[in-house]
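Structural description and commentary
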Amino acid sequence: MTDFWNPYRTLEPAQQRLLGLGSVLVVLLAWTALSASGLLSKNQLPSPWAVAQALAYLGWYEGHSQLAWATLWSVGRVATASALVIVIGIPLGVLMGSSPRINAVVSPLIDPFRSAPVAALLPIMVMWFGIGEFMKIAFLFVGSIVYLTPLVRDAIRAVPEGYLVSAQDIGATSWECIRKVLVPLAMPRIMDAIIVGVSVSWTYITVAEYVNAQEGLGQLIANARRLSATDQVFAGIIVIMAVALLTYQGLMALKRALYKWETKE
Amino acid sequence: MSALPPVAPVPSAAPAKTKPLLAATDVVQEYARADGGTLRVLDRVSLSFEAPSINMLLGASGCGKSTLLRMLGGVRPWNVKTPTSGRIEIGGEPCTGPHPDAVMVFQHYANRPDLTVWQNVMYPFTFSEWKRRVTDKDAKERVDQMLQEVGLADKRDQYPSQLSGGQNQRVALARALVLRPKVLLMDEPFGALDAQTRANMQTLLCKLHAAHPCVVVFVTHDVTEALLVGDRVIVLAGQPAQVIEDFHIPLRQPRSADWLMSAEARQLHEQIVGHLRASGANGNLRVSV
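What you see is a predicted model, and the numbers here were worked out from it, not measured in a lab.

1. Details of the overall build of chain A
Helix and strand counts for chain A come out as 11 helices and 0 strands. Start at the N end of chain A and walk to the C end: the helices and strands fall as α-α-α-α-α-α-α-α-α-α-α. With respect to the principal axes defined by its C-alpha atoms, chain A has extents near 75 × 60 × 35 Å. The burial tally for chain A puts 33% of its 265 residues in the buried class. Long-range contacts, defined here as pairs at least 24 residues apart, represent 72% of the contacts in chain A between residues at least 6 apart.

Put into structure tokens, the structure is as follows:
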């Protein structure tokens, strides 16, 4: 029984899968039982079967896939916002991590937003940027960059000082210290920051697509809610979770492939 | 048999050179203390070094020998300042920052985990300073040859995490010597290795030094290591630290464990330990064989 409380033990993949699948099954069963019990109305809690049917309907109906189209739009928005966050947030985080002075100037402008209700910024964004595509991307951008940048800064700071000292000893310039020492050694953790940034974008996508969206998973959910099609709301949420999970797994695989040396430690 | 011509008398001492390769003159180092006072770490240390030689800086942990070493090569990260007073000169020129002729080897190797063995030794040549001094072709030849010399040619494509501590220290040593430094500074380089590996590395260092004559300044708190490897042993002790002993060992390296048992070596050993004990460094030095 002591083995049960051993945090360093790695489970057999088969056992891990079995336990994971089991817990999902238990929830599905409870869900089925609850929806069949009649305690909650169909609109409050659709049955798993109804959600599956809604998924099928959204996935393919009369030669048209609402789901594929909506997913494509949402992926496009998340990808655009993430690309901007990466292009702007990483260099900013690297500079903040490399220089305490830059950090002292920039961090008061970024850190408070990590704990601020970013969703509350939506009306302001609508006021400033209108209700078009630009507002949606800007919203996702702000929501995500305030998480990514401090993580990149911390990744740079976590590089052991010894590497910098020995590089300076052989004549590295400040710029070379940043580009050839700090950034390459921080890359695995910067990759973690990217993964967090993209995941945060996925959690905000429904909010971003709430206002005047013609397409997208968030719009699909909002529409279904207006029509009281709770089964479709559930289906939309499941799809968002699945796509976000897929993105996460993909980025993790990319990180492992790019930074093999990190896992070899 | 004809009579040999009379042998010309050899000068008893080499003519005094005007500029030693590496010299510290009246070096004082002080740190600001938290209570506002100053803590003097080194007190008027004057030393000069001629190439080729292996010089052991021996002292108890925390006596200031690493601070002195870092100042000698101009390795000044943010926490080691230039001497509070006094001068350090390399080749007669005052040394005020990282110096191209002086390279440091650290106890914890500083090998890059994301680079292979070959790339780690090639590493200095990826910086503009050394790109300017050495052509890419020359650099690659030097790296290949250096890996042969330290016996890592067959490990060139492995990563540091796949190597033992001794092998990692070989990589660090190769990365320093590939620059053909005039001054090689070593900060307790073998301190983290097990006894057998340490002995192998000491032998390798003597061999490499014979092939690449330079001034080695080697910090250690291991009396045995100092006696086995050094041409010269400099003992630092006290607070603030001063040079309390400075002598040459004429016997060629690598010296055997048998020599350590000789009357001469035992006498040197006891003399050093006695000095260190007298200066209150109990327990902080390694005296094991």
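From this point, the narrative continues.
2. Quick word on the sheet that holds strand 6 (residues 102-105) of chain B
Two orientations exist for strands paired in a sheet by backbone hydrogen bonds: parallel and antiparallel. Residues and elements named next belong to chain B. With mixed pairing, 6 strands are arranged side by side in an open sheet as 6-7-8-3-9-10. Each of the sheet's edge strands pairs with one partner strand only, and the pair in question is strand 6 and strand 10 (242-248). Direction aside, the axes of adjacent strands within the sheet are offset by 20° on average. Along the sheet, helix 1 (residues 65-72) contacts strand 3 (53-58), strand 7 (183-187), strand 8 (215-220) and strand 9 (232-237); its crossing angle with strand 8, the most-contacted strand, is approximately 155°.

3. Some words on the domain arrangement of chain A
Each assigned domain of chain A is listed with its residue range as follows: domain 1 (11-40) and domain 2 (56-263). Relative to domain 2 of chain A, the C-alpha centre of domain 1 of chain A lies at a distance of 31 Å.

4. Description of the domain arrangement of chain B
Residues and elements named next belong to chain B. When the domains of chain B are assigned, the result is domain 1 (49-79 + 90-101 + 181-284) and domain 2 (109-180). Spacing between the C-alpha centres of domain 1 and domain 2 amounts to 24 Å. Each partner contributes to the interface: domain 1 provides 14 residues, whereas domain 2 provides 11 residues. Residue contributions to the side of domain 1 that touches domain 2 peak at 6 residues, all from helix 6 (residues 195-211). The class makeup of the residues in the side of domain 1 that touches domain 2 is 11 nonpolar, 3 polar and no charged.

5. Structural notes on the packing of helix 3 (residues 66-98) of chain A against helix 4 (residues 100-115) of chain A
A packed helix pair is summarised by two numbers, namely the angle formed by the two axes and the spacing between the axes. All names here are of chain A. Axis separation between helix 3 and helix 4 bottoms out at 6 Å; the angle between their running directions is 130°. As judged from the angle between their axes, helix 3 and helix 4 are oblique. The segment helix 3 lies against helix 4, with Leu92, Leu95 and Met96 engaging Ile102, Asn103, Val106 and Ser107.

6. Some points on helix 10 (residues 230-258) of chain A
Residues and elements named next belong to chain A. With 29 residues, helix 10 ought to run about 42 Å at 1.5 Å a step, and its terminal C-alpha atoms sit 42 Å apart, in line with that. By the burial criterion, the buried members of helix 10 are Asp231, Gln232, Val233, Phe234, Ala235, Gly236, Val239, Ile240 and Lys255. On its buried face, helix 10 is in contact with helix 2 (48-59), helix 3, helix 8 (174-208) and helix 9 (217-226).

7. A word on the confidence of the model for chain B
All names here are of chain B. In the predicted model, chain B carries a mean pLDDT of 85, and the fraction of residues at 70 or more is 89%. Here residues 1-16 scores under 50 on pLDDT; set against residues more than four positions off or in separate chains, the count is 0 contacts. As a predicted assembly, this complex carries a pTM of 0.86 together with an ipTM value of 0.83.

8. Side note on the nonpolar core
Grouped together as the largest cluster of nonpolar side chains are 131 residues, with contacts concentrated most on B:Leu57, B:Leu58, B:Val121, B:Ala174 and B:Leu185. Top element by residues in this core is helix 8 of chain A. It accounts for 14 residues. Once residues within four sequence positions are removed from consideration, B:Val121 is found in contact with B:Val143, B:Met146, B:Leu147, B:Val171, B:Ala174, B:Arg175 and B:Val178.

Thresholds, definitions, all that
- Residues numbered from 1 in each chain as written.
- Chains lettered and ligands numbered in written order.
- Predicted model: local features only at pLDDT ≥ 70, side-chain atom pairs only at ≥ 80, totals over all residues.
- Helix = DSSP H or I, 4+ residues; strand = E, 2+ residues; numbered from the N terminus.
- Buried ≥ 20, exposed ≤ 12 C-beta atoms within 10 Å, placed from the backbone.
- Contact = placed C-beta atoms within 7 Å.
- Pairing = 2+ DSSP bridges.
- Axes fitted to C-alpha atoms, helices over the stretch in contact; angles between N-to-C directions.
- Domains from an automatic or database assignment.
- Nonpolar A, V, L, I, M, F, W, Y, C, P; charged D, E, K, R; others polar.
- Parallel < 35°, antiparallel > 145°, perpendicular 65-115°, else oblique.
- Expected span 1.5 Å × (residues − 1).
- pLDDT = per-residue confidence, 0-100.
- Core = buried A, V, L, I, M, F, W, Y, C linked by C-beta atoms within 7 Å.

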